[in-house]
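Observations on the three-dimensional arrangement
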Amino acid sequence: SCTDDDTFSNVFCENSKKLINAHLFALAAKYYSLSSLGVCTPLEDLLEALRGDNQGTTGIKTDEFMNNKKSHEVQMMSELVDSIANYCGIKQVIDIGSGKGYLSSFLSMQYNLKVYGIDSSNTNTNGAHERNRKLKKHWRAYQSRGRANLNSQRLEKAKERSVERELKCKAVHEKALNNDSSLQSQEQVTLQDLVPCDFTAVAASETRKTPEVDLVGGTQSEDSKPSEEALAVLHVLPADAVELFPSSQFNNGQLCEEEKAQRKMASLKAKASKSSESNLYFPVTSCITAETELNDIITDLQDCVMVGLHTCGDLAANTLRIFTNKPEIKAVCSVGCCYHLLSEQFENQEECQGEVWGFPMCQYLKDKSWCCGRNARMSACLALERVAVGQMLPTESLFYRAVLQVIIEEMYGVTKSDRHVGKIFSKSSSFIDYVRKSLKKLELDDSKLPDSCIMDYYEKYKHRMNELEAFNMLRVVLAPCIEVLMLLDRLCYLKEQDSIAWSGLVKLFDPVKSPRCYAIVALKKQSCL
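First, a word on what this report is: a plain description of the structure on this page. Just so we're clear, the structure is a prediction, and the values are computed from it rather than from any experiment.

Some thoughts on the packing of helix α16 (residues 431–441) against helix α17 (residues 451–461)
- The interhelical angle for the contact between α16 and α17, taken along N-to-C directions, is 110°, at an axis separation of 10 Å. The orientation of α16 with respect to α17, classified from their angle, is roughly perpendicular. Contacts between α16 and α17 involve Phe 431, Ile 432, Val 435 and Arg 436 from the former and Asp 451, Ile 454, Met 455 and Tyr 458 from the latter.
- Classifying every residue of the contact of α16 with α17 gives six nonpolar, no polar and two charged.

This is how it looks when you write it as structure tokens:
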């Protein structure tokens, strides 16, 4: 195994700086990846520490109304966010960069949390409303299946508890026979293993004051069975998503006076509920920066958890800055993406005073004037785990793009442009078609470039396609190391803050399903809670 930096000293030629040992390069990249560095907190440990004996259950299966990737992300993240909210004793969540509201709506309807979903795109906010409208048509079926799933889970858990009780009784009996007077309960992971003990002790005492709550329905549990009243609000949607008493279900003329009075009272209660507790999801359009004042966006801002599922570029960094600066935000769970869109303080020598940058965040890297550059950040976005299971890189489209750049530089003298080619490859019938569509998009005159000239470039570089593939595979291997730098920078920034009790990196998603799989989680000190 690799244990010393000197082990990797022969990866590159000392004089030419060229790569001379690809195998050692791959080993070094693996050694410096998050999975090998041992800096992550296991998700299971964190969930167990946050929950204690209260184990969460999920009724609704998200893959009924989301694709496989999104379903996996929402299921895993919402479970963690709910556990954090319960631990902190808060009910409000702010979802930054909420998009079409997949996570926000699920947190509200599955866990009864009051969620503000903030997105800069009005199209996304409208899409969130539209999605809820469509969910409304099918929600009763989801509820029914959810209850069935929930009952099945509870039966399984009841069986498990029965087996556990038998084993415990047997263990107690055996210890009694051995005259062992000090019965030791099975050791469990607590937040004392993760955060300072003063924070854990105070938080635990607060938790004990709170009556046991059903994590799914948000109602007090009684013998693990929700009441009929609790079932009525199980998996509640935003206010306008479920019609509690559709007129088609009954005829007022056929009801007795007592039933009419009961219906009327229930209707009044439902309306009152709609104006308060059931208004659980609020899509809001607003652009978030490090200086954003949340009180201007959310008038009833309370103690809350801030979350972000694949917050793009600088938004991930700004989410953490807002968290540290805003006393009402007691915890954060953030998964970033799009490292290539990060702004870097030291990428260009012209430094603007007072500017807030996406990278670096921590003082350690700032003091070293650390710079990655766009190419390295682009590499950090690649998905090694997907390539490892056979989802190969799109070599042909990358080759098209590389030859196109040579054509643009040599034939048009353009080395830099603010315009982007975008996803032209899938819409092109041939390399010639690809080049012409790309030139039009870049607003370059393609009339001076005959087909024969375009094909000459293709033939000239065709034999180097294998080189391009090998180069991109090396980039993929290096990707986790660059991502480590981005993530540890953010984690170190949180470690530098006096108000933070605990912060850590958690591998939240399956990297094959969702390559940007690491969440940064942090809790503020009890004095800040």
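With respect to the nonpolar core
- Counting 76 residues, the largest nonpolar core has Met 77, Leu 80, Ile 84, Ile 94, Cys 333 and Val 521 as the members making the most contacts within it.
- Tallying contributions element by element places helix α4 (residues 68–88) first for this core, with eight residues.
- Apart from residues no more than four positions distant in its own chain, Val 521 is found in contact with Leu 46, Leu 80, Ile 84, Val 332, Cys 333, Trp 502, Ser 503, Gly 504 and Val 506.
- Grouped together as the second largest cluster of nonpolar side chains are 22 residues, Tyr 400, Ile 407, Tyr 412 and Val 435 included.

Digging into the packing of helix α15 (residues 395–412) against helix α18 (residues 465–495)
- As a packed pair, α15 and α18 sit with axes 10 Å apart at the nearest point and diverge in direction by 110°. As judged from the angle between their axes, α15 and α18 are roughly perpendicular. Facing Thr 395, Leu 398 and Phe 399 of α15, the residues of α18 in contact are Met 465, Leu 468, Glu 469 and Asn 472.

Thoughts on the sheet that holds strand β7 (residues 518–524)
- In spatial order, the strands read β3-β2-β1-β4-β5-β7-β6; together these seven strands make up an open sheet with mixed pairing. Looking at which strands have only one partner, the edges of the open sheet turn out to be β3 (281–285) and β6 (500–507). The mean angle between the axes of side-by-side strands here comes to 15°, regardless of whether they run parallel or antiparallel.
- Together, β5 (329–337), β6 and β7 form the strand contacts of α18, whose direction differs from that of β6 by roughly 165°.

Some remarks on the side chain of Arg 377
- Inspection of the secondary structure assignment puts Arg 377 in helix α13 (residues 374–380).
- One polar contact links the side chain of Arg 377 to the main-chain carbonyl oxygen of Tyr 339, over a distance of 3.3 Å.
- A distance of 2.9 Å separates polar atoms of two side chains, one belonging to Arg 377 and the other to Glu 347.
- When near neighbours in sequence (up to four residues on either side) are disregarded, Arg 377 contacts Tyr 339, His 340, Leu 341, Leu 342, Glu 344, Glu 347, Cys 372 and Met 486.

Structural notes on α18
- The terminal C-alpha atoms of α18 lie 45 Å apart, and with 31 residues this matches the ideal 45 Å at 1.5 Å per residue to within 8%.
- Helix geometry: α18 is bent most strongly at Leu 478, by close to 40°, with proline Pro 480 lying one to four residues after it.

Some thoughts on the pairing of strand β4 (residues 304–312)
- Counting buried residues in β4 gives eight out of nine residues, a clear majority hidden from the surface.
- Both strand β1 (residues 92–96) and β4 contribute to a ladder of four bridges, which runs parallel. Counted as the bridge partner of Val 93 is Val 305 from β4.
- Once you follow β4 into helix α11 (residues 314–325) and on to β5, the crossover reads as right-handed.

A word on α17
- Within α17 the residues assigned to the buried category are Cys 453, Ile 454, Tyr 457, Tyr 458 and Tyr 461. Buried positions in α17, seen along its axis, are confined to an arc of 145° and lie on one side of it.
- Buried residues in α17 make contact with α15, α16 and α18.

Overview of the pattern of salt bridges
- One pass over the structure, following the stated rule, counts 16 salt bridges.
- Note that Glu 73 and Lys 69 form a salt bridge whose closest N and O atoms lie 2.6 Å from each other. Of this pair, Glu 73 and Lys 69 are both found in helix α4, four residues apart, which corresponds to roughly one turn of the helix.
- Looking at Glu 73, the relative accessible area reads 0%, which means it is buried.
- Between Lys 330 and Asp 303 there is a salt bridge whose closest N-O contact spans 3.9 Å. You can see Lys 330 sitting in strand β5 and its partner Asp 303 sitting in the loop between α10 (294–297) and β4, a full 27 residues away along the chain.

As for unusual backbone geometry
- Along the chain, Phe 359 connects to Pro 360 via a cis peptide bond; the corresponding omega equals -5°.
- You can see Pro 360 is positioned in the loop between β5 and α12 (363–367).
- If you check the backbone angles, Asn 112 has positive phi at about 60° while not being a glycine.
- By secondary structure assignment, the location of Asn 112 is in the loop between α5 (102–111) and β2 (114–119).
- The backbone of Glu 443 shows a phi angle near 60°, a positive value even though the residue is not glycine.
- Within the secondary structure layout, Glu 443 lies in the loop between α16 and α17.
- The exposure class of Glu 443 is exposed, given its relative accessible area of 57%.

What to know about the environment of Arg 321
- The residue Arg 321 is located in helix α11 in this model.
- Residue Arg 321 is classed as buried on the basis of its relative accessible area of 12%.
- Separated by 172 residues in the primary sequence, Arg 321 and Tyr 493 place their C-alpha atoms 9.1 Å from one another.
- Contact partners of Arg 321, with chain neighbours within four places excluded, come to Ala 290, Val 356, Trp 357, Met 361 and Tyr 493.

About the criteria used
- Residues numbered from 1 in each chain as written.
- Predicted model: local features only at pLDDT ≥ 70, side-chain atom pairs only at ≥ 80, totals over all residues.
- Heavy atoms only, no water.
- Axes fitted to C-alpha atoms, helices over the stretch in contact; angles between N-to-C directions.
- Helix = DSSP H or I, 4+ residues; strand = E, 2+ residues; numbered from the N terminus.
- Parallel < 35°, antiparallel > 145°, perpendicular 65-115°, else oblique.
- Contact = heavy atoms within 4.5 Å.
- Nonpolar A, V, L, I, M, F, W, Y, C, P; charged D, E, K, R; others polar.
- Core = buried A, V, L, I, M, F, W, Y, C linked by side-chain atoms within 4.5 Å.
- Buried < 20%, exposed > 50% of the residue type's maximum accessible area, 1.4 Å probe, protein only.
- Pairing = 2+ DSSP bridges.
- Polar contact = N/O pair within 3.5 Å; in protein donor to acceptor, adjacent residues only side chain to side chain.
- Expected span 1.5 Å × (residues − 1).
- Bend = angle between axes of the 7 residues up to and from the residue.
- Right-handed = clockwise from strand over helix to strand, strands pointing away.
- Arc of directions from axis to C-beta.
- Salt bridge = Lys/Arg side-chain N within 4 Å of Asp/Glu carboxyl O.

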